[in-house]
Amino acid sequence: MPYKKVRKAAGKLSLESSGNTGQTNDFSVMERRFFGVGSTKGFAIGEAYEFVRETIEHETAELSYDNVDDEVDRFLTALHRSEKELKKIERVTTRKIGRLYSDLFQAQILLLKDPVLIQSISRRIRTELKPAHLVIEQEFGKYLENFINSDDLYFRERASDLHDIKDRIVRNLNTRKLHSWVPEGTIVVSHHLSPADIILLSRSNIKGFATDTGGKTSHISLICKSLNIPIVVGMGNISQKVVSGSRIILDGNEGMIITDPKNVTVEEYQKKKESETKREADDSMLAHQLAFTRCGVRISVYSNIDFKEELENLDSTGSEGVGLFRTENLFLDDLKPPKESVQQDYYLEMAEMLTPKQLVIRLFDIGGDKLLYSPVKEPNPNLGWRGIRILIDVPEILDAQLQAIVKANVHGNIDILMPMISSIEEIEYIKAVLDRHYTRFKNAMTEPLDKPGLGAMIEIPAAVELIDEITRIVDFISIGTNDLTQYTLAVDRNNLIVQDLFEKFHPAIIRQLHRIISTGHKNHCRVSLCGDMGSDPIAMPYLIGCGLREFSIVSSDIPSMKAAVNRYTIEECEALAAECLIMHNAVTIKARLEEFARTH
């Protein structure tokens, strides 16, 4: 009996028959497929190289007062070596992808110079007579425990950055140079890769990366996206399944690794790669044109961004502005709320770079476990103290951010987006606070000051139930399909066990989207969509058919999005939406959407 594909979940295996109907049990030459999370789109075909970080054995014997100063010096020397390495990596990063991610290494360099950290470790080495590597592990462990055990994916992924700094210092306690060479043009497979690894290995013209760990928003995923290198992360144990020198295929679109591919599979992916290259060339020609459907209806396409440095490349993608600026990185850089003056300067610089294009700033969408001074350890932060709830309960955070935004809106192109709205009372509270700050600053200024527009994220089923009332009292709404799907289906999208149940084409989600969009337009409220679904080429015609005319997506996806819009008429999309709305399962809906895209 031919092998059938088993349940597709991160790190799980699917076997495909190579035409043999079970006459042999030799799996060593059989094509196998492993699934994870495709963080960067694209395909790679080539030889695998298993990258294993070299481990160093350190002395664990206790020190004496006679040699403890030497151990402290060894620690300080390791800091110096680590700083030199990071400065080199920072220069390489700046040259390859600009300052956006080179700042990540600058932040690590600043941590290496932290006097509190240095003094604490040095003091413990002297007073406890412990080897440097043990004290370093323990001191960093205090912070890493909170990060790693967090229920919040974003925080767990930031923990890997802290872990990388710790490992670099510990490795540099040894003066022997570590091996970091990899063969040119291979597909690197590893248990874990740091941002520095990605930058340095990319110099060897690496075709792609696959890791056991990592997530879609981890730094390695974001860096690979900037480098245009496909990567599949969160694969569980792929590093144990791949042998260096063997032929593999990496599919970043599907989040899949194919080992020992059949010749027919290789030919299929070579055609896919050629087709993708041609499509990208065609799409780039349309990037700077406005997007219209085949019948002439205008579709606006904006960018989702995390850092102001991303604005430098916005024009090259054809973006019409920023539909979602996530401000959490400002909060997390120092692990405490940024000062109002720092925020104001940051927002003002962005608004000036964009004017007259729009800048939608989402208020801090932070979870309870991201507030390090919180005394509460929540069993389920996703359903706890986060988003708008924290902003209302901690008014100094809300006041500082709203005041900074209002004062930065000198060009009148800033709007405010409220996260995790579940009630009318929350909106009314934020509106009242915004009105108070705006009135005060407007009266104090001699120049005219525009009031930022106020919008609500629709990402909780409660907000969908209140969509008629919400769209009557806000200036715009933005649909967060990721959380909306998670909360509606009761499926944690970051839980590898049930990740395959996270289905954006579930009938409940499809019907909610139609209700949200149609109600918004009925109430003359601007409607945008900023979730991952907006970048899905087969979902886009359905959304247009529901009435959506404004998308906010990853900047690199904008050229292909604009090219796809031109293939459809509104009438065709509306008929497609009507078909999908009466279907009862995700498989049927997805099949119809794929067929529709294929025929166009």
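First, a word on what this report is: a plain description of the structure on this page. (Residues numbered from 1 in each chain as written. Predicted model: local features only at pLDDT ≥ 70, side-chain atom pairs only at ≥ 80, totals over all residues. Heavy atoms only, no water.)

1. Thoughts on a positive patch on the surface
No. 1: A cluster of basic side chains, namely Lys88, Arg91, Arg95, Lys96 and Arg203, defines a positive patch on the protein surface.
No. 2: Here Arg203 shows up in the loop between α6 (195–201) and β6 (208–211).
No. 3: Residue classification places Arg203 among the partly exposed positions, given a relative accessible area of 41%. (Patch = residues over 30% accessible without salt bridge, like charges linked within 9 Å, V, L, I, M, F, W, Y side chains within 5 Å. Areas by Shrake-Rupley, 256 points an atom, 1.4 Å probe, with all protein chains shown as cover. Salt bridge = Lys/Arg side-chain N within 4 Å of Asp/Glu carboxyl O. Lys, Arg positive; Asp, Glu negative; His and termini not counted. Charge placed at Lys NZ, Arg CZ, Asp CG, Glu CD. Helix = DSSP H or I, 4+ residues; strand = E, 2+ residues; numbered from the N terminus. Buried < 20%, exposed > 50% of the residue type's maximum accessible area, 1.4 Å probe, protein only.)

2. Re helix α22 (residues 586–599)
Because each turn of an α-helix spans 3.6 residues, side chains separated by three or four positions end up pointing in the same direction.
No. 1: Counted at 1.5 Å a residue, the expected span for α22 with its 14 residues is 20 Å, and the 20 Å between its end C-alpha atoms agrees.
No. 2: Of all the residues in α22, the buried ones are Ala586, Ile589, Arg592, Leu593 and Phe596. Here the buried residues of α22 occupy an arc of 135 degrees about the axis, which is enough to place them on one side. Every exposed residue of α22 that faces more than 90 degrees away from the buried side is listed here: Val587, Arg598 and Thr599.
No. 3: Looking at the buried positions of α22, the neighbouring elements they touch are α18 (507–522), α19 (540–546) and α21 (570–581). (Expected span 1.5 Å × (residues − 1). Arc of directions from axis to C-beta. Contact = heavy atoms within 4.5 Å.)

3. Some remarks on the packing of helix α8 (residues 263–286) against helix α20 (residues 558–565)
No. 1: Interaxial distance between α8 and α20 falls to 8 Å at its minimum, and their mutual angle equals 80 degrees. When the interaxial angle is binned, α8 and α20 end up roughly perpendicular. The segment α8 lies against α20, with Arg279, Asp283 and Leu286 engaging Pro559, Ser560, Lys562 and Ala563.
No. 2: Looking at the contact of α8 with α20 residue by residue, the classes come out as three nonpolar, one polar and three charged. (Axes fitted to C-alpha atoms, helices over the stretch in contact; angles between N-to-C directions. Parallel < 35°, antiparallel > 145°, perpendicular 65-115°, else oblique. Nonpolar A, V, L, I, M, F, W, Y, C, P; charged D, E, K, R; others polar.)

4. Focus: α21
No. 1: The end-to-end C-alpha distance of α21, which contains 12 residues, comes to 16 Å, matching closely the 16 Å that a straight helix rising 1.5 Å per residue would cover.
No. 2: When we look at burial in α21, the residues that qualify are Ile570, Cys573, Leu576, Ala577 and Cys580. Buried residues along α21 cover an arc of 125 degrees about the axis, so they all sit on one side.
No. 3: Buried residues belonging to α21 abut α18, α19 and α22.

So yeah, pure geometry; function would need other evidence.
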